[in-house]
Amino acid sequence: MNLRPLHDRVIVKRIESETKTASGIVIPDAAAEKPDQGEVLAVGPGKKNDKGELGAMSVKVGDRVLFGKYSGQTVKVGSDELLVMKEDDLFAVVEK
């Protein structure tokens with residue numbers, strides 16, 4: 001990857017949601033909502049506190065995370081559409 005996030009930012013790739021319901025109804029692309037889950041591809045070094053010390057990041061590369069539907073800034077890298085967002089924009093890490 002050619003992107004290296006700065007400070008407390010993370011780069012996330014959206015994980016596409018199912019396009020079929022449990023009962024077998026197919027949801028068209030136009031009606032489907034943006035997925036609010038993604039995989040962390042890169043993590044910045046952390047945010048500096050008042051003393052100038054780096055705070056540890058709560059997420060790591062490979063984590064599956066939840067975030068708001070309109071969180072982050074969309075960037076296009078090659079054919080991939082990625083999100084750059086602050087760690088504060090993440091809601092939770094999905095445990096397997």
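Residues numbered from 1 in each chain as written. Predicted model: local features only at pLDDT ≥ 70, side-chain atom pairs only at ≥ 80, totals over all residues. Heavy atoms only, no water.

Caption draft 1: Region of the structure containing the overall build of the protein. Along its length, the protein carries zero helices and six strands. Helices (α) and strands (β) of the protein occur, in sequence order from the N terminus, as β-β-β-β-β-β. Residues counted as buried form 25% of the 96 residues belonging to the protein. When the accessible surface of the protein is split by element, carbon and sulfur atoms take 50% of a total near 7,000 Å². (Helix = DSSP H or I, 4+ residues; strand = E, 2+ residues; numbered from the N terminus. Buried < 20%, exposed > 50% of the residue type's maximum accessible area, 1.4 Å probe, protein only. Areas by Shrake-Rupley, 256 points an atom, 1.4 Å probe, with all protein chains shown as cover.)

Caption draft 2: Local environment of the sheet that holds strand E2 (residues 37-43). Sheet architecture is open: six strands sit in the order E4-E5-E1-E2-E3-E6, paired in antiparallel fashion. On the outer flanks of this sheet lie strand E4 (73-77) and strand E6 (90-94), each paired with one strand and no other. Going from strand to strand, the sheet's axes swing by 40° on average, the running direction of each strand aside. Bridging between strand E1 (residues 9-14) and E2 involves five bridges; their strand directions are antiparallel. Residue pairing for E2: Ile11 is matched across the bridge by Ala42. (Pairing = 2+ DSSP bridges. Axes fitted to C-alpha atoms, helices over the stretch in contact; angles between N-to-C directions.)

Caption draft 3: Representation of the nonpolar core within the structure. Counting ten residues, the largest nonpolar core consists of Val10, Val12, Val40, Met57, Val59, Val65, Phe67, Leu83, Met85 and Leu90. Residues in contact with Val59, not counting those within four places in the same chain, are Val10, Val43, Val65, Glu87, Leu90 and Val93. (Core = buried A, V, L, I, M, F, W, Y, C linked by side-chain atoms within 4.5 Å. Contact = heavy atoms within 4.5 Å.)

Caption draft 4: Quick look at the pattern of salt bridges. Per the stated rule, a full pass over the model turns up three salt bridges. Lys13 is paired through a salt bridge with Asp80; the nearest N and O atoms lie 3.5 Å apart. Taken together, the residues Lys13 in strand E1 and Asp80 in strand E5 (residues 80-86) connect sequence positions 67 residues apart. Judged by its relative accessible area of 32%, Asp80 is partly exposed. Across the salt bridge formed by Asp63 and Lys60, the nearest N and O atoms sit 3.1 Å from each other. With relative accessibility at 11%, the residue Asp63 sits in the buried group. Classification of Lys60 as exposed rests on a relative accessible area of 54%. (Salt bridge = Lys/Arg side-chain N within 4 Å of Asp/Glu carboxyl O.)

Caption draft 5: Layout of the environment of Gly55. Within the secondary structure, Gly55 is located in the loop between E2 and strand E3 (64-67). A C-alpha to C-alpha distance of 9.6 Å links Gly55 and His7, two positions 48 residues apart in sequence. Once residues lying within four places of it in the same chain are set aside, the contact partners of Gly55 are Pro45, Gly46 and Lys47.

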